[in-house]
Amino acid sequence: LSPQPVVLDTDPRDPGEVWDTSNHPRQMTLRHVDGAFSLQEQGQRLLLDLAAQPVELGKTEGKLQGKIQLKGDARFKAKQFQIALKTQALQLNSLSAFIPTDFKLLGGQLDAQIQAQIQPHRPIELSGTARLQDLSARAKGEPNLFSGVSSQINLQRQDIRLSQAKINFGQIPFFLDGTINL
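Residues numbered from 1 in each chain as written. Predicted model: local features only at pLDDT ≥ 70, side-chain atom pairs only at ≥ 80, totals over all residues. Heavy atoms only, no water.

Is there a simple way to think about the environment of Ile124 in this case?
Looking at the element boundaries, Ile124 is found in the loop between β5 (103-118) and β6 (125-139). Ignoring any residue separated from it by four or fewer positions in sequence, one finds Ile124 in contact with Gln117, Ile118, Arg157 and Gln158. (Helix = DSSP H or I, 4+ residues; strand = E, 2+ residues; numbered from the N terminus. Contact = heavy atoms within 4.5 Å.)

Set out below in structure tokens:
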């Protein structure tokens, strides 16, 4: 005998449901793109500064979904990379093109200011903060929805600190507070 899943949702999905990935977004459309990049040191260094606004998922025209700003400094020969990401009211479903097809982002918003430094023979160093609000998602084969996911996230070196994190799995609420060490 194998264990059967327990359905906790008030509106359970058909467990035999086919997970259709034909409409999974394969691209992200950006509007109001502004920025610059520069190759320096005979192509061994790339400086990047871009800002844009994603468009409503699956459309080339439509409602804007927040703001993204990306800055970077890549030194290819030294294998050193610095990346800074800033988001304002970014609708998370606009990132679906970057999410594996067995996971669907249904909603939520991200405000973040995050930096990462990557150097050879050293662990990745993270810094910054993010605020996740009202994320809803569904995983392939899981009849229960993840909803109301919210948290304040602080990054420092290899530590990810979750503060006042809340997750609803079906109708069961979970509250998290703690640190994840990478």
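Read on, since the account is not over.
Explain the pattern of salt bridges to me, please; I cannot follow it from the model alone.
Evaluated as defined, the whole model comprises five salt bridges. In this structure, the salt-bridge partner of Asp73 is Arg75, at a minimum N-O distance of 3.5 Å. Looking at Asp73, the relative accessible area reads 14%, which means it is buried. Between Asp177 and Arg161 there is a salt bridge, with the nearest N and O atoms lying 3.2 Å from each other. Placement of the pair is Asp177 in strand β9 (residues 172-181) and Arg161 in strand β8 (residues 159-169), with a sequence separation of 16 residues. Exposure remark for Asp177: the relative accessible area of 53% places this residue in the exposed category. (Salt bridge = Lys/Arg side-chain N within 4 Å of Asp/Glu carboxyl O. Buried < 20%, exposed > 50% of the residue type's maximum accessible area, 1.4 Å probe, protein only.)

What am I meant to see in the pairing of strand β4 (residues 80-91) here?
Look at any regular strand and the pattern is simple: side chains alternate between the two faces of the sheet. Where strand β3 (residues 67-75) and β4 come together, nine bridges link them in antiparallel fashion. Its bridge partner lying in β4, Arg75 is registered against Gln80. Turn length for the β3-β4 hairpin, with the two strands adjacent in sequence and antiparallel, is four residues, and the turn residue Lys79 shows positive phi of about 55°. As defined by bridge partners, β4 adjoins β5 across nine bridges and the pair is classed as antiparallel. Looking at the pairing, Gln82 lines up with Gln117 of β5. (Pairing = 2+ DSSP bridges.)

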